[in-house]
Amino acid sequence: MSAGVPDAFHRYREALDGTLRSLLTSRDPDRSGLLYRMLRYHLGWEDAEGRPSEGDGGKALRPTLCLLACEATGGDWRKALPAAAAVELTHNFSLVHDDIQDRDPERRHRPSVWAVWGEAQAINAGDALAGLARLAVLELRAEGLTEGGVIEAARALDEATLEMVEGQTLDLSFEDRLDVSEAEYLAMVEKKTGALFGCALRLGGLAGSDDGRIAAVLGELGRRLGVAFQIRDDVLGVWGEPASTGKARATDVWNRKKSLPVVYALSRAEGGELRRVYAKAELSGDDVEAALAALDSAGARQYCEAALTERRQQALAALDGVELQAGPARELREVVEYLLAPI
């Protein structure tokens with residue numbers, strides 16, 4: 001990872017990867033199955049031919065939050081590794097399926113799973129990641145969580161997964177509409193992104209403390225963080241550089257996504273040209289440039305960056321109101337500031 005990344009992302013990574021690799025190896029001990037080769041490829045461990053790779057497996061944002069929450073509530077973060085792995089697997093299941101739905105040919109600077117093995121096999125890979133996530137969270141029993149606690153954790157993961165899919169369904173349905181309101185957008189984002197962020201912090205709280213109340217408070221903080229994080233991601237989806245995003249320039253515009261910059265611009269008088277472009281079934285390069293010009297004319301980027309600033313302040317204020325262990329709480333604040341840093 002680049003300089004400036006909080007230490008927590010480095011501290012947990014080796015142990016998290018070990019837990020994930022153990023889960024896959026238990027299902028494919030001789031490393032010969034195509035299904036698990038696709039999973040190892042997606043997670044950045046191998047290339048498409050099955051050779052060891054230095055591929056980017058992502059920053060593991062959500063599992064880092066889970067493990068930090070466990071520490072912050074007084075627990076040993078190692079006890080929460082099954083929960084962290086479950087959250088990471090769930091997130092990756094959604095990425096594999098999202099790439100198919102969005103027709104994104106790249107993920108993390110290399111071809112996405114469907115672009116290598118086809119849509120049908122990529123669906124299988126995503127389904128397998130979801131199944132492994134559920135198996136992972138059940139391993140919390142071996143780490144000392146009570147049976148009731150494991151059931152609560154499994155329910156939290158399933159509820160978050162269902163909410164995430166509900167949000168993705170809304171997001172796709174918005175592609176055929178030009179009248180999506182900001183309130184509708186925010187409700188969608190709270191499901192699609194906020195639910196899993198909330199689940200990550202809640203599971204960490206459950207693993208670290210017997211106090212279900214504080215786990216619930218952390219879960220709500222995570223939902224707020226997820227919404228703010230998505231607003232930042234929306235800005236990157238329009239104006240981000242491919243070298244940092246791992247995707248093509250203006251990918252959300254090419255996909256006619258109703259992200260916050262677009263929802264805002266469509267509600268403005270300057271949105272006429274944008275409505276004309278987004279009414280098309282497919283966009284050309286000229287269409288994308290016209291859409292970008294319309295977004296700039298409406299001040300969409302400035303609006304979204306102001307919204308991000310406000311929500312970052314709210315998330316940090318909410319974090320300050322939770323009674324946590326001082327050291328891990330400080331690190332958790334650093335992570336929140338990193339995830340929501342100005343663009």
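Residues numbered from 1 in each chain as written. Predicted model: local features only at pLDDT ≥ 70, side-chain atom pairs only at ≥ 80, totals over all residues. Heavy atoms only, no water.

Caption draft 1: Local environment of the side chain of Lys257. Counting through the fold element by element, Lys257 comes out in the loop between α11 (251–254) and α12 (260–266). Under the relative-accessibility criterion, Lys257 is labelled buried at 6%. (Helix = DSSP H or I, 4+ residues; strand = E, 2+ residues; numbered from the N terminus. Buried < 20%, exposed > 50% of the residue type's maximum accessible area, 1.4 Å probe, protein only.)

Caption draft 2: The packing of aromatic side chains, seen in detail. Applying the stated rule across the entire model yields five aromatic pairs. Consider the rings of Phe197 and Phe229, whose centres lie 5.2 Å apart with planes at 45°: the pair is tilted. One end of the pair, Phe197, is in helix α8 (residues 182–208); the other, Phe229, is in helix α9 (residues 212–239), with 32 residues separating them in the sequence. Like Phe229, Phe197 is buried. The cationic tip of Arg21 hangs over the ring face of Trp45; the distance from NZ or CZ to the ring centre is 4.2 Å. Sitting over the ring of Tyr41, Arg110 keeps its end group 4.0 Å from the ring centre. (Phe/Tyr/Trp six-rings, centres within 6.5 Å; stacked < 30°, edge-to-face > 60°. Lys NZ or Arg CZ within 6 Å of the ring centre and 35° of its normal.)

Caption draft 3: How the structure looks around unusual backbone geometry. Within the chain, Arg103 stands out as a residue other than glycine whose phi angle is a positive 60°. Looking at where Arg103 falls in the secondary structure, it is placed in the loop between α4 (81–102) and β1 (106–107). Judged by its relative accessible area of 43%, Arg103 falls in the partly exposed class. For Ala250, which is not glycine, the phi dihedral falls at a positive 55°. Secondary-structure assignment places Ala250 in the loop between α10 (242–245) and α11. Using a relative accessible area of 1% as the deciding quantity, one classes Ala250 as buried.

Caption draft 4: Examining the nonpolar core more closely. Membership of the largest hydrophobic core comes to 113 residues, with the highest contact counts inside it found for Leu203, Val253, Leu274, Leu295, Leu324 and Leu339. Top element by residues in this core is α9. It accounts for twelve residues. Ignoring sequence-local partners within four residues, the contact set of Leu274 consists of Val262, Ala265, Leu266, Ala291, Ala294 and Leu295. (Core = buried A, V, L, I, M, F, W, Y, C linked by side-chain atoms within 4.5 Å. Contact = heavy atoms within 4.5 Å.)

Caption draft 5: Inspection of the side chain of Arg256 at higher detail. Here Arg256 is to be found in the loop between α11 and α12. Notably, Arg256 is buried but unbridged: the nearest opposite-charge side chain belongs to Asp176, and the N-O separation is 4.4 Å. Residue contacts for Arg256: discarding those within four places in its chain leaves Glu175, Asp176, Tyr278, Lys280, Ala281 and Leu283. (Lys, Arg positive; Asp, Glu negative; His and termini not counted. Salt bridge = Lys/Arg side-chain N within 4 Å of Asp/Glu carboxyl O.)

Caption draft 6: Spatial organisation of the pattern of salt bridges. For the coordinates displayed, the defined rule picks out 28 salt bridges. Glu152 is paired through a salt bridge with Arg202; the nearest N and O atoms lie 3.5 Å apart. Here Arg202 lies in helix α8 and Glu152 lies in helix α7 (residues 147–174), a separation of 50 residues in the sequence. Measuring nitrogen to oxygen at the nearest pair gives 2.9 Å for the salt bridge that ties Lys191 to Glu166. A residue pair is termed long-range when its members are at least 10 positions apart, and Lys191 in helix α8 and Glu166 in helix α7 qualify at 25 residues. On the accessibility criterion, Lys191 (24% relative accessible area) is partly exposed. Here the salt bridges do not stand alone but share partners, grouping Asp102, Asp171, Glu175, Lys192 and Lys257 into one network.

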